[in-house]
Amino acid sequence: MPVDFNGTWNFVRSENFESYMLALGIDFATRKIANLLKPQKVIKQEGDSFSISTTSTFRNYFVQFKIGEEFDEDNKGLDNRKCTSVVTWDNDKIVCVQNGEKRNRGWTHWIEGDELYLELCCEDQISRQVFKRG
Ligand code: YOG
């Protein structure tokens, strides 16, 4: 059975998010607010088609993609930089490469038990976020 990311996932904790945002060039005031958020993710998966909606009291972000198919990403409400992105499987993980102005940008999601993990990378910074099934 392949992994099933479907569900509502509630923020539990993050590490190094401040440094990740700094690498992305997010301004001071925005970082202060963003550090206090407890975002929720709703993931819909049908085979290799995904949508991920991340919502919070401050900003929301929505992305949809098919595994292996490049798509244009605008990162609207985040750093607003445009990327050409692609998501692939790495065993039971989904790995997104976000090609654009920022070097080594992307993210990886995987599941352990009833927890959803997210690793966010930009340049030399890696932030980890953990969510629990709602
Ligand atoms: O998720 O990439 O699930 O798109 C990272 C924020 C904070 C806005 C959120 C809003 C990067 C201010 C990642 C947070 C910092 C700070 C809730 C969403 C930029 C701006 C939206 C993300 C992937 C993987 C799917």
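The structure this text deals with has already been given above.
Small disclaimer: the values here were computed from a predicted structure and weren't measured. (Residues numbered from 1 in each chain as written. Predicted model: local features only at pLDDT ≥ 70, side-chain atom pairs only at ≥ 80, totals over all residues. Heavy atoms only, no water.)

Asks: Mind showing me how you'd approach the overall build of the protein chain here?
Replies: Each helix and strand in the protein chain was counted, giving 2 helices and 10 strands. Written out in order from the N terminus, the α and β elements of the protein chain read β-α-α-β-β-β-β-β-β-β-β-β. Whereas a compact globule of 134 residues would reach a radius of gyration of roughly 14 Å, the protein chain reaches 14 Å, a difference of no more than 12%. The C-alpha extent of the protein chain, read off along each of the three principal axes, is 45 × 30 × 25 Å. Taken over 134 residues, the protein chain has a buried fraction of 43%. The long-range share in the protein chain, meaning contacts at least 24 apart out of those at least 6 apart in sequence, stands at 39%. (Helix = DSSP H or I, 4+ residues; strand = E, 2+ residues; numbered from the N terminus. Rg over C-alpha atoms; globule rule 2.2 N^0.38 Å. Buried < 20%, exposed > 50% of the residue type's maximum accessible area, 1.4 Å probe, protein only. Contact = heavy atoms within 4.5 Å.)

Asks: Explain the site of the ligand to me, please; I cannot follow it from the model alone.
Replies: Around the ligand, a shell composed of 18 residues is seen, among which Ile-26, Lys-41, Tyr-61, Val-63 and His-109 lie nearest. One nitrogen or oxygen atom from the side chain of His-109 is found 2.7 Å from an oxygen atom belonging to the ligand. Bound to the protein, the ligand loses 97% of the 620 Å² it would expose on its own. When residues of the shell around the ligand are traced back to their parent elements, those giving at least two are α1 (17-23), α2 (28-34), β3 (49-55), β4 (61-66) and β8 (106-112). Of the residues forming the shell around the ligand, the biggest block, 3 residues, is contributed by α1. Along the lines of polarity and charge, the residues of the shell around the ligand split into 11 nonpolar, 5 polar and 2 charged. (Near = heavy atom within 4 Å. Polar contact = N/O pair within 3.5 Å; in protein donor to acceptor, adjacent residues only side chain to side chain. Areas by Shrake-Rupley, 256 points an atom, 1.4 Å probe, with all protein chains shown as cover. Nonpolar A, V, L, I, M, F, W, Y, C, P; charged D, E, K, R; others polar.)

None of this, on its own, says anything about what the molecule does.
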